[in-house]
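Results of the structural survey
If you want the building blocks of each chain, they are given just below.
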Amino acid sequence: MPTNPIEDLMSDFQKIRNASGYEGAQTMRPEFYTSPELLKLEEELLRREWMCLGRAEEVANPGDYFTTSILDEELLVCRNKENEIVVLSNVCRHRGSLVATGSGNKQRFSCPYHAWTYTNDGSLVGAPHMAKVSGFSMADCRLPRFSSEIWQGFIYVNLDGTAAPLSQRLAKLESSIAGYQIQNKTICYSVEEIWPVNWKLLSENFMEGYHLSVVHRDSIHQYTPTELCEYFSGGEGYTGYYSNFPRDKPLRGKCAPALSEADKYRTTMFSVLPAHVVAAAGHLTTYICLQPHGVDQVKAKIGLIGYDVQSTDRAEIDKAVDLFVRTMAEDKVQLEMISRGLRSRYCQRSALAPIDFEGTTWDFYRYLAENLTSDASVNSH
């Protein structure tokens, strides 16, 4: 008899929740990446979780702002006159036009449709001719403000306002990566792209070391060989592994002074679940802020930040950016081929590689299983 893909996936998730450890861990069935019904559940999860929007450096000074969107919510990210970063709705309270576009520095934003004007903390301060309307109050027409946090220099937003504080959840992780001083690193490269792959494929790929010595043989393999990967036990809302360097390789750049010797010779790969992945190395850190853009596309804000960039030779930075771009291009080729393979009727499940190489993938599955199989989610499908 034909099976229901979403019911099969819910059954798989329940088995993952009941599993006692990594033994017997398997990849997911193709529908995990192709099911529109599952995507709807994932989008509900993303709305109640913390999503990364970029770096605080992008709004470094009072008045700085940039616009973005998450799951059809148009957002306006500002640093206000109190030097506080706020995330506001970018939708005019009158007729729904976008209040701002692009990025720049402004104290006020005037809607291009009817010139309703807002400050960069969301207050409505101008509404032409509306004083003639009985009962109208500008105080009641602020731009809605979303819950937000700054962690390690990254800006996070929680769209539905229900998520527990992110910093508490990541306290253990923050302690283990403190030496990298990620919060003090400076943007060297940033780009937003749409990749024609499911968002989970890009997240999993960034967070597993099994492919490093194959896909990246001519780029980063010499520093990050698969056999030196080392999984570490994650915690609530995160997972990770160490991509250890051969000790006969020289350090690749200036490290923060408090960084341990062990951390100088590895990249600490971690995912702030569900949709932010980071590779922290002594000299440079790379990251991707992910969000679904349909079932077969992902919107990715991809960045590279460096320690003490101001005193680093520009040629060295350009070389690092080139390596990062080439590495991402190598991944993109493979993920596009996987996306094609997932459509085959012969695509099937298989065993995951040893925990040091794909343990983070299993953690990702477990996180989704625990957060997508609530009674409400199951009963609604």
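Structural notes, computed from the coordinates. (Residues numbered from 1 in each chain as written. Predicted model: local features only at pLDDT ≥ 70, side-chain atom pairs only at ≥ 80, totals over all residues. Heavy atoms only, no water.)

**Details of the packing of aromatic side chains**
Under the criterion given, the structure shown has 14 aromatic pairs. Here Phe154 and Tyr287 contribute two aromatic rings whose centre-to-centre distance is 5.1 Å and whose plane-to-plane angle is 80°, an arrangement assigned as edge-to-face. One end of the pair, Phe154, is in strand S10 (residues 154-158); the other, Tyr287, is in strand S16 (residues 284-292), with 133 residues separating them in the sequence. Tyr287 carries the same exposure label as Phe154, and that label is buried. Three or more aromatic residues joined by ring pairs make a cluster, and in this case those are Phe13, Tyr22, Phe32, Tyr33, Trp362 and Tyr365. When the ring centre of Tyr265 is taken as reference, the NZ or CZ atom of Arg247 above it lies at 4.3 Å. Here Arg266 stacks its cationic end above the ring of Tyr242, 3.7 Å away from the centre of that ring. (Phe/Tyr/Trp six-rings, centres within 6.5 Å; stacked < 30°, edge-to-face > 60°. Helix = DSSP H or I, 4+ residues; strand = E, 2+ residues; numbered from the N terminus. Buried < 20%, exposed > 50% of the residue type's maximum accessible area, 1.4 Å probe, protein only. Lys NZ or Arg CZ within 6 Å of the ring centre and 35° of its normal.)

**Let's talk about the layout of surface pockets**
Approximately 890 Å³ is the volume attributed to the largest pocket. Forming the walls of the largest pocket are 39 residues, and the residues nearest its centre are Ile220, Arg252, His283, Leu284 and Leu323. By residue number, the principal contributor to the lining of the largest pocket is helix H9 (residues 314-341), which donates 10 residues. Within the lining of the largest pocket, the residues separate by chemical class into 17 nonpolar, 15 polar and seven charged. By volume, the second largest pocket amounts to about 580 Å³. Together, 27 residues line the second largest pocket, and Thr27, Tyr33, Glu204, Ile338 and Glu358 are the ones closest to its centre. Of all the secondary-structure elements, those providing two or more residues to the lining of the second largest pocket are helix H6 (199-206), H9 and helix H10 (355-372). By residue class, the composition of the lining of the second largest pocket is 14 nonpolar, eight polar and five charged. (1 Å grid on protein atoms, 1.4 Å probe; cavity = no way out; pocket = protein on both sides within 12 Å on 5 of 7 lines; lining within 4 Å. Points joined across faces, edges and corners; volume = space filled by probe spheres on them. Nonpolar A, V, L, I, M, F, W, Y, C, P; charged D, E, K, R; others polar.)

**Observations regarding the nonpolar core**
If you look at the biggest cluster of nonpolar residues, it comprises 72 residues, and the most contacted ones within it are Phe13, Phe32, Leu38, Leu53, Ile155 and Ile288. A per-element tally of this core places H10 first, with eight residues. Membership of the second largest hydrophobic core comes to 23 residues, among which are Phe154, Tyr180, Leu259 and Tyr287. (Core = buried A, V, L, I, M, F, W, Y, C linked by side-chain atoms within 4.5 Å.)

**Observations concerning the pairing of strand S13 (residues 238-244)**
For S13, a buried count of seven out of seven residues is recorded, marking the element as mostly surrounded by other parts of the structure. Every second residue of S13 is oriented toward a common face, with Tyr238, Gly240, Tyr242 and Asn244 on one face and Thr239, Tyr241 and Ser243 on the other, all of them buried. Note: strand S12 (residues 229-235) against S13, five bridges, orientation antiparallel. What sits directly across from Cys229, in S13, is Ser243. With seven bridges connecting them, S13 and strand S14 (residues 266-272) associate as antiparallel partners. Bridging from a neighbouring strand, Thr239 pairs with Ser271 of S14. (Pairing = 2+ DSSP bridges.)

**Quick notes on the sheet that holds strand S6 (residues 108-110)**
Sheet architecture is open: three strands sit in the order S6-S7-S8, paired in antiparallel fashion. Edge positions in the sheet fall to S6 and strand S8 (124-126), since each has one partner strand and no second. Strand-to-strand twist across the sheet, computed as the mean angle between neighbouring axes with direction ignored, equals 35°. Of the strand pairs in this sheet, S6 and strand S7 (residues 117-119) are connected by three bridges, and their pairing is antiparallel. Note that in S7 the partner of Ser110 across the bridge is Thr117. (Axes fitted to C-alpha atoms, helices over the stretch in contact; angles between N-to-C directions.)

**Thoughts on empty space enclosed by the protein**
Applying the stated criterion across every chain, the model contains three cavities of 30 Å³ or more. Reported here for the largest cavity is a volume of approximately 100 Å³. Along the walls of the largest cavity sit Cys52, Leu53, Thr68, Ile70, Glu192, Cys289, Leu290, Gln291, Lys299, Ala300 and Lys301, which together make up its complete lining. For the lining of the largest cavity, the secondary structure elements donating two or more residues are strand S1 (50-55), strand S2 (64-70), S16 and strand S17 (298-306). Split into classes, the residues belonging to the lining of the largest cavity amount to six nonpolar, two polar and three charged.

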